[in-house]
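Now for the letters of each chain:
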Amino acid sequence: MNGKSMHWVNRLAVLGLVVGLTAGFAVAGVAQSVGGQAYSTYVNTPVGYSGPSPLAVLPAISGTDGAEADAQGSTQTIAGALSSDFLNSITSGEIGTAESGAQSTASAASINILNGLITADEAIANVMSSVTPSGAVSNADGSTFTNLVVAGVPVTSGDGPVAPNTNISLPGVGYVVLNEQIPSGDGVTSSGLTVNMIHVYLQSLTGGGCTLLGCLPGVLTTTGEIIVGSATSSVQ
Amino acid sequence: MLQEHKHWSVVPGLLVVALLAACNQDRLSPDRSLLGKPSLKERQPCTPGKWTGGGRIDPTGNRLAGNYDNADEPSGGQPAAPDPAPYMTGKVTFGFNVFLGSDCVVTKGEIQVNWHPAKLAWHVSIHDNVDAFDNQPVSASTFDDNSGGRCLVVGLPFPPGMTARVNPQGGFEQVQFEVCDNDRGGAQNGRINGFHVDAMRWRATDHGDTGLTYLTGGNVVDHS
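Cut-off values and rules
- Residues numbered from 1 in each chain as written.
- Chains lettered and ligands numbered in written order.
- Predicted model: local features only at pLDDT ≥ 70, side-chain atom pairs only at ≥ 80, totals over all residues.
- Heavy atoms only, no water.
- Helix = DSSP H or I, 4+ residues; strand = E, 2+ residues; numbered from the N terminus.
- Buried < 20%, exposed > 50% of the residue type's maximum accessible area, 1.4 Å probe, protein only.
- Contact = heavy atoms within 4.5 Å.
- Polar contact = N/O pair within 3.5 Å; in protein donor to acceptor, adjacent residues only side chain to side chain.
- Buried area = accessible area lost by both parts, 1.4 Å probe.
- Salt bridge = Lys/Arg side-chain N within 4 Å of Asp/Glu carboxyl O.
- Phe/Tyr/Trp six-rings, centres within 6.5 Å; stacked < 30°, edge-to-face > 60°.
- Lys NZ or Arg CZ within 6 Å of the ring centre and 35° of its normal.
- Pairing = 2+ DSSP bridges.
- pLDDT = per-residue confidence, 0-100.

**Considering the overall build of chain A**
Move 1: Scanning chain A from N- to C-terminus turns up one helix and 18 strands.
Move 2: Considering chain A as a whole, with its 236 residues, one finds that 47% of them fall into the buried category.
Move 3: Within chain A, residue pairs in contact and separated by at least 24 positions form 55% of the contacts whose partners lie at least 6 positions apart.

Structure representation (structure tokens):
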């Protein structure tokens, strides 16, 4: 093959690459990937462990495709830590040419955490993420508690939301974050959000003590956690 | 020519249906063929493509409520709710992914709907052009609604619609699913009366009808 032929071959190769990439972007649409996950309960405490359950994870989506995953559980009991029923997790997502998105929902009913320290008739975590040519957004609309009571104090009456990242101390136990929201992405081409409706952080005082030279404070150390109603969605 | 292919493609399905009807003595799984399966001529128009979404609705059974999509409910010839009675009310969460073929038959799809007050969960699973729970094709329709959006109805005509597994009882029920993507090209944070502009409706022969209801949260996306 002479130099002139190589020249044309190179031009054709470059042209093919450009056409291929253009076609690829057109097929890929406004997002390269979407993600979603949901689970009703997670327990990791000194008295018991149970991984995310029932867990629904959005399968990998390629090209312009979509998928849905769901999981259900009738009851969940970790003695001394958590009991609940009607456990449901759903996640779905899609990559499209004009819009891509993911949405996840996790719920649990008849919730009883740490022998009645926290109770609720139900908690629903609901998140969505979407990206269009005008930008990327996520929100947790539809995330609510039904008759939530924390340490004997009613937090919601009937079904209602709680302000994001509401922190309530649980003396001798640790603290709980209600409607814990963990955002991600730049809001332009990417966006994501994780919502944990109830996230209990168990803490113990470690170290510290007194000597002839004086007293040193102890350090609060997280020794476990309980999560009820966790939903995640993301686009990028 | 194409129409001939369509008719021929139905023949194996009808044979399967006949065999299933003959074998289905215990009635554990439904026989939708006895309820009036739609012919190809009866099927509604649709645009091939895919629909995906999920979220939550809070139907109240009150047409004056801010989340009742009165404007779009009659679109596409859909009947006024509740059909069947009564209204299903309270928290409903859902997720779905549906692919439509050119002949208005769902080629594959998954639909999960949870009705929280009753602690009931329905699941529809469609593979290889048939409902996994009764081996029959599922017809769908897409149409413009009155607020500039586009809607999808899966399970036409209703009844029999399509067959869903019901948990925790483990039984089956005839259902129909409808969603409307009303924020096409608009801001995904758009609101009507504080609710999302997309809407969802669930009809179940033994439990009632939510009516077309704006989403409290979530999203519906038409990728057709």
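Right, picking up where we left off after that structure.
**With respect to the side chain of B:Arg203**
All names here are of chain B.
Move 1: Structurally, Arg 203 can be placed in strand β12 (residues 199–204).
Move 2: Residue classification places Arg 203 among the buried positions, given a relative accessible area of 2%.
Move 3: Among the polar contacts listed, one links the side chain of Arg 203 to the backbone oxygen of Asp 83, at a separation of 2.6 Å.
Move 4: Excluding residues within four positions of it along the chain, Arg 203 makes contact with Gln 78, Pro 79, Asp 83, Pro 84, Phe 158, Gln 174, Val 175, Gln 176, Gly 208 and Asp 209.

**A look at the interface of chain B and chain A**
Move 1: Across the contact, 32 residues belong to chain B and 35 residues belong to chain A.
Move 2: Each partner contributes to the roughly 2600 Å² buried at the junction of chain B and chain A, and carbon and sulfur atoms together form 52% of this total.
Move 3: Applying the counting rule to chain B against chain A returns four salt bridges.
Move 4: If you look at where chain B meets chain A, you find 16 residue pairs in polar contact (both at pLDDT 80 or more).

**Concerning the packing of aromatic side chains**
All names here are of chain B.
Move 1: Taken as a whole and assessed by the stated rule, the structure comprises ten aromatic pairs over all chains.
Move 2: The structure contains a cluster of three or more aromatic residues connected by ring pairs, namely Phe 94, Phe 96, Trp 115, Trp 122, Phe 177 and Trp 202.
Move 3: The ring of Phe 99 has Lys 108 sitting right over it, with the charged end atom 4.6 Å from the ring centre.

**Things to note about the side chain of B:Asp209**
Move 1: Examined against the element boundaries, B:Asp209 turns out to sit in strand β13 (residues 208–209).
Move 2: Setting aside residues no more than four positions away along its own chain, B:Asp209 makes contact with B:Ala81, B:Pro82, B:Asp83, B:Pro84, B:Pro86, B:Tyr87, B:Met88, B:Arg201, B:Trp202 and B:Arg203.

**A look at the pattern of salt bridges**
Move 1: Applying the stated criterion across every chain yields a total of nine salt bridges over all chains.
Move 2: We note a salt bridge from B:Arg150 to B:Asp144, for which the minimum N-O separation is 2.6 Å.
Move 3: A relative accessible area of 56% means that B:Asp144 is categorised as exposed.
Move 4: In the salt-bridge network here, residues are joined through shared partners; they are A:Glu122, A:Asp159, B:Arg56, B:Asp58 and B:Lys91.

**Some details on the pairing of strand β9 (residues 171–181) of chain B**
Residues and elements named next belong to chain B.
Move 1: Where burial is concerned, most of β9 is hidden: nine out of the eleven residues are buried.
Move 2: Bridging between strand β7 (residues 150–156) and β9 involves five bridges; their strand directions are antiparallel. Bridged to Arg 150 within β9 is Asp 181.
Move 3: Bridge analysis of strand β8 (residues 162–167) against β9 gives five bridges, and the strand direction is antiparallel. Within β9, the residue paired with Met 162 across the bridge is Val 175.
Move 4: The hairpin formed by β8 and β9 contains three residues between the paired strands, and Gly 170 there has a positive phi angle of roughly 80°.
Move 5: Direction of pairing for β9 relative to β12: antiparallel, over a ladder of six bridges. By the bridge assignment for β12, Cys 180 is matched with Ala 199.

**Describing unusual backbone geometry**
Move 1: Residue B:Pro82 is reached from B:Ala81 by a cis peptide bond, and omega for that bond is 0°.
Move 2: For B:Pro82, the location among the structural elements is in the loop between β1 (49–57) and β2 (92–100).
Move 3: Of note, the amide linkage connecting B:Asn167 to B:Pro168 takes the cis form, showing an omega dihedral of 10°.
Move 4: Relative to the assigned elements, B:Pro168 resides in the loop between β8 and β9.
Move 5: Notably, A:Leu114 is not glycine yet its phi reads approximately 55°, a positive angle.
Move 6: In this fold, A:Leu114 is placed in the loop between β6 (100–113) and β7 (118–132).
Move 7: Although it is not a glycine, A:Ala151 adopts a positive phi angle of roughly 50°.
Move 8: Position of A:Ala151 among the secondary structure elements: in the loop between β10 (149–150) and β11 (153–154).

**Quick word on the pairing of β6(A)**
All names here are of chain A.
Move 1: Counted residue by residue, β6 has twelve buried out of 14 residues, so it is predominantly covered.
Move 2: Sheet topology places strand β5 (residues 82–94) next to β6; ten bridges connect them, and they run antiparallel. For Ser 92, the partnering residue across the bridge sits in β6 and is Gln 103.
Move 3: Counting the residues that bridge the hairpin from β5 to β6 gives five residues.
Move 4: As paired strands, β6 and β7 are joined by 13 bridges and run antiparallel to one another. What sits directly across from Gln 103, in β7, is Met 128.
Move 5: Following β6, the chain reverses through four residues before pairing antiparallel with β7; Leu 114 in that reversal takes a positive phi of roughly 55°.

**What to know about the confidence of the model for chain B**
All names here are of chain B.
Move 1: Summary statistics for chain B give a mean pLDDT of 84 and a share of 77% for residues scoring 70 or more.
Move 2: Throughout residues 1–28 the model reports pLDDT below 50, and contacts reaching past four residues in sequence, or to other chains, amount to 17 contacts.
Move 3: Predicted confidence is poor over residues 36–42, with pLDDT under 50, and the contacts of this stretch with residues over four places away or in other chains come to 15 contacts.
Move 4: Two numbers describe this predicted complex: its pTM, 0.85, and its ipTM, 0.85.

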